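# Working through the structure, step by step
Each chain is listed here by its residues.
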Amino acid sequence: MLTLVKVNQKMKIKDEIIAKIRGNNELNAKLQLAMGVTGSTVNRWLKSNHRQLTTFDAMRTMAEYFGVSQGDLLEPVKKMEV
């Protein structure tokens, strides 16, 4: 499904993707390697849905792992979340 977003729309990783990553040690380890950070950093970023999760390397790693496009991982940030 194609979702249109406004130019400069802030995006975040979908909550269901965050939940899948939290329960997946293999993907968590791949993110650590792709982003050059520790497991505790990845876990902290997952907890807050940190913007670092939307970097190219992180997005590519998650999309390849789940077999989806990078856009399928994202949803717009609601105004109250900004």
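Everything that follows concerns the structure shown earlier in this document.
Here goes a summary of the coordinates provided. Since the structure is predicted, the reported quantities are computational estimates derived from the model, not experimental observations.

## Comments concerning the overall build of the chain
Across its full length, the chain holds four helices and two strands. The helix and strand sequence of the chain, counted from the amino end, reads β-α-α-α-α-β. For the chain, contacts bridging at least 24 residues in sequence account for 63% of all contacts bridging at least 6. Element-wise, carbon and sulfur atoms account for 54% of the exposed surface of the chain, whose accessible area totals about 5800 Å².

## Some words on the packing of aromatic side chains
Overall, the coordinates contain one aromatic pair when judged by the stated rule. Between the aromatic rings of tyrosine 65 and phenylalanine 66, the centroid separation amounts to 5.5 Å while the plane-to-plane angle is 90°, which identifies the pairing as edge-to-face. Its end group placed over the ring of phenylalanine 66, lysine 20 keeps NZ or CZ at 5.7 Å from the ring centre.

## Points about the nonpolar core
One finds Ile13, Ile21, Leu31, Met62 and Leu73 to be the most contacted residues of the largest nonpolar core, which totals 17 residues. Those elements that place two or more of their residues in this core are α1 (15-22), α2 (25-35), α3 (39-48) and α4 (56-66). Per-element accounting of this core gives the leading share, four residues, to α4. Excluding residues that lie within four positions of it along the chain, leucine 73 makes contacts with Lys12, Ile13, Lys14, Ile17, Met59, Met62, Ala63, Phe66 and Val68.

## Let's talk about the pattern of salt bridges
If you walk through the whole model with that rule in mind, you get four salt bridges. Notably, a salt bridge pairs lysine 12 with aspartate 15, separated by 3.6 Å at the nearest N-O pair. Among the residues examined, lysine 12 registers a relative accessible area of 11% and is labelled buried. Here glutamate 75 ties to lysine 12 by a salt bridge, and the two come within 3.5 Å at their closest N and O atoms. Of this pair, glutamate 75 sits in strand β2 (residues 74-76) while lysine 12 is found in strand β1 (residues 11-13), placing the two residues 63 residues apart along the sequence.

## A look at the packing of α2 against α4
Two numbers describe a pair of packed helices, the interaxial angle and the distance between the axes. Taken N-terminus to C-terminus, the directions of α2 and α4 make an angle of 150°; their axes are 9 Å apart at the nearest point. One way to sum up the angle between α2 and α4 is to call them roughly antiparallel. Handedness of the crossing formed by α2 with α4: right-handed. Contacts between α2 and α4 involve Glu26, Leu27, Lys30, Leu31, Ala34 and Met35 from the former and Asp57, Ala58, Thr61, Met62, Tyr65 and Phe66 from the latter. Classifying every residue of the contact of α2 with α4 gives eight nonpolar, one polar and three charged.

## Notes on unusual backbone geometry
Here asparagine 49, not a glycine, exhibits a phi torsion of approximately 50°, which is positive. In this fold, asparagine 49 is placed in the loop between α3 and α4.

Conventions we followed
- Residues numbered from 1 in each chain as written.
- Predicted model: local features only at pLDDT ≥ 70, side-chain atom pairs only at ≥ 80, totals over all residues.
- Heavy atoms only, no water.
- Helix = DSSP H or I, 4+ residues; strand = E, 2+ residues; numbered from the N terminus.
- Contact = heavy atoms within 4.5 Å.
- Areas by Shrake-Rupley, 256 points an atom, 1.4 Å probe, with all protein chains shown as cover.
- Phe/Tyr/Trp six-rings, centres within 6.5 Å; stacked < 30°, edge-to-face > 60°.
- Lys NZ or Arg CZ within 6 Å of the ring centre and 35° of its normal.
- Core = buried A, V, L, I, M, F, W, Y, C linked by side-chain atoms within 4.5 Å.
- Buried < 20%, exposed > 50% of the residue type's maximum accessible area, 1.4 Å probe, protein only.
- Salt bridge = Lys/Arg side-chain N within 4 Å of Asp/Glu carboxyl O.
- Axes fitted to C-alpha atoms, helices over the stretch in contact; angles between N-to-C directions.
- Parallel < 35°, antiparallel > 145°, perpendicular 65-115°, else oblique.
- Left-handed = near helix turned anticlockwise from the far one by under 90°.
- Nonpolar A, V, L, I, M, F, W, Y, C, P; charged D, E, K, R; others polar.

By themselves, these figures tell us nothing about what the structure is for.
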